[in-house]
Each structure stands twice: as C-alpha cells, then as structure tokens.
Amino acid sequence: EGADEIYSISVYDGHTLFAAPVDRQESNFSREEWREAFQVMVNRCPQLRGHNLGADLLALFRFGVRPPKFMRLNDSLTWARSVWENDPDRTLETITVTHLGLEDYAEEIKPWKAKDPSSFGSTTPLEILLPYNAGDSFASWELLHSLEETVPWSLMSLMMESLYSLILATWDGQFVSGA
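Residues numbered from 1 in each chain as written. Predicted model: local features only at pLDDT ≥ 70, side-chain atom pairs only at ≥ 80, totals over all residues. Heavy atoms only, no water.

1. Quick look at the overall build of the protein
So, point 1. Within the protein, the secondary structure is distributed over 8 helices and 4 strands.
So, point 2. Its helices and strands in sequence order give the protein the pattern β-β-α-β-α-β-α-α-α-α-α-α, from N to C terminus.
So, point 3. Among the 179 residues that make up the protein, the fraction classed as buried is 40%.
So, point 4. Pairs at least 24 residues apart make up 66% of the contacts formed inside the protein by residues separated by at least 6 positions.
So, point 5. Of the roughly 10,400 Å² of accessible surface on the protein, 53% is carried by carbon and sulfur atoms. (Helix = DSSP H or I, 4+ residues; strand = E, 2+ residues; numbered from the N terminus. Buried < 20%, exposed > 50% of the residue type's maximum accessible area, 1.4 Å probe, protein only. Contact = heavy atoms within 4.5 Å. Areas by Shrake-Rupley, 256 points an atom, 1.4 Å probe, with all protein chains shown as cover.)

2. Concerning the packing of aromatic side chains
So, point 1. Summed over all chains, the structure comprises 7 aromatic pairs.
So, point 2. The interplanar angle of 35° and the centroid separation of 6.1 Å between the aromatic rings of Tyr 105 and Tyr 132 together place this pair among those described as tilted. On the criterion of sequence distance, the pair formed by Tyr 105 in the loop between helix H4 (92-100) and helix H5 (110-115) and Tyr 132 in helix H7 (residues 126-147) is long-range, its members being 27 residues apart. One exposure class covers both Tyr 105 and Tyr 132, and it is buried.
So, point 3. Chaining the aromatic ring pairs together yields one cluster made of Phe 29, Trp 34, Phe 38 and Phe 63.
So, point 4. One cation-aromatic arrangement involves Arg 35 over Phe 63; the distance from NZ or CZ to the ring centre is 5.1 Å.
So, point 5. The cationic tip of Arg 49 hangs over the ring face of Trp 141; the distance from NZ or CZ to the ring centre is 4.3 Å. (Phe/Tyr/Trp six-rings, centres within 6.5 Å; stacked < 30°, edge-to-face > 60°. Lys NZ or Arg CZ within 6 Å of the ring centre and 35° of its normal.)

3. Side note on the nonpolar core
So, point 1. In terms of nonpolar packing, the biggest core is built from 39 residues, with Phe 38 and Leu 73 touching the most fellow members.
So, point 2. At the level of elements, helix H1 (31-44), helix H2 (53-62), helix H3 (76-83), H4, H7 and helix H8 (153-171) are the ones that each hand at least two residues to this core.
So, point 3. Take this core: its biggest share by element is 9 residues, from H7.
So, point 4. With sequence-adjacent residues up to four places away left out, Leu 73 is seen in contact with Leu 48, Leu 53, Leu 57, Met 160, Leu 163 and Tyr 164. (Core = buried A, V, L, I, M, F, W, Y, C linked by side-chain atoms within 4.5 Å.)

Shown next as structure tokens:
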C-alpha cells in the first residue's frame, strides 16, 4: 500500500531551503542512494525540526533509516497543539496564516490531497508538490521560532521526550497505540 514510500523531502535549516523528489519516477537517485543519504543526514543532525515528526520519523524508519540513540526533536504540531486548541482540522498552513501572517502555501495542493489523501505525493505534479513541502518546512521552522519564548522549555522537553520514546518503542518492534 505504499507504506514504505517517501515521495519527497524538504529540509530548512534557517538559511537554506531544499526540496527534492525521492520515491518518484522523476527522482535523480535510486531508493538505496536516498536511503544512504537520509541515514547520513539523520546521523549528523543534532536536532530535527518539523511538523508531525512522529510521522516523518516513522516514514524514515519504514524506508530503512535508523536514528541515532539520542536526538533532539522540535515538532511544531506538538507545540501548536499545546499552545492553541487541539483541533484535528487545524493544519500547519492554517496556523501559520492565522498566527504568523504567512501566505497560504498549500492552496494549489489541496485538490490533489482531496483526490488522493493517502498517496497524493506520488500523483501531484512536482511544480506543486515541492513548493508545498518547502512551505511546510519553512512554516514549521517559523512557527517553532515564534513559540520558543512562549512555551516553557521544560514542558516541551517532556513532550518531545515522550514522542521520541514512542517512536523508539515502535522501532524496537513494540506495538504502540495511537491513543
């Protein structure tokens, strides 16, 4: 069912924004080359910032990438839901438009997500998919940056540690209930 496919990657470090197709016909590299590159990136990365890092890390795990034993996580989904209401319909683009005044970078991809929500990454044209992924990375970074002084780090540290423990338990083959 495509559970181990990663259709694209987008990385933003506060200075440079990178987005590329991965598990698609247009990709310049094989799955194994991407897997090796992801593994090197994760091994060298002191922290991961993103939106819904649990899903991202589990996708990397299914793709064959293993994390280092310790890694600092900054998940804008966890941050946003701890600061604002826990609304499942609240998306990263909604939060960034409302609270950061950014443009809605997801407008063009919405029809593709509605048509095929489970694997829209394989069917969406790259000229729509990659800007959307880049927008997600940038918006997540900006949201995390805006919240760093709002949310007590001790609370966020505890939440991120819990998230990482759930991910590690899943990697160890334990069943972890989403609830």
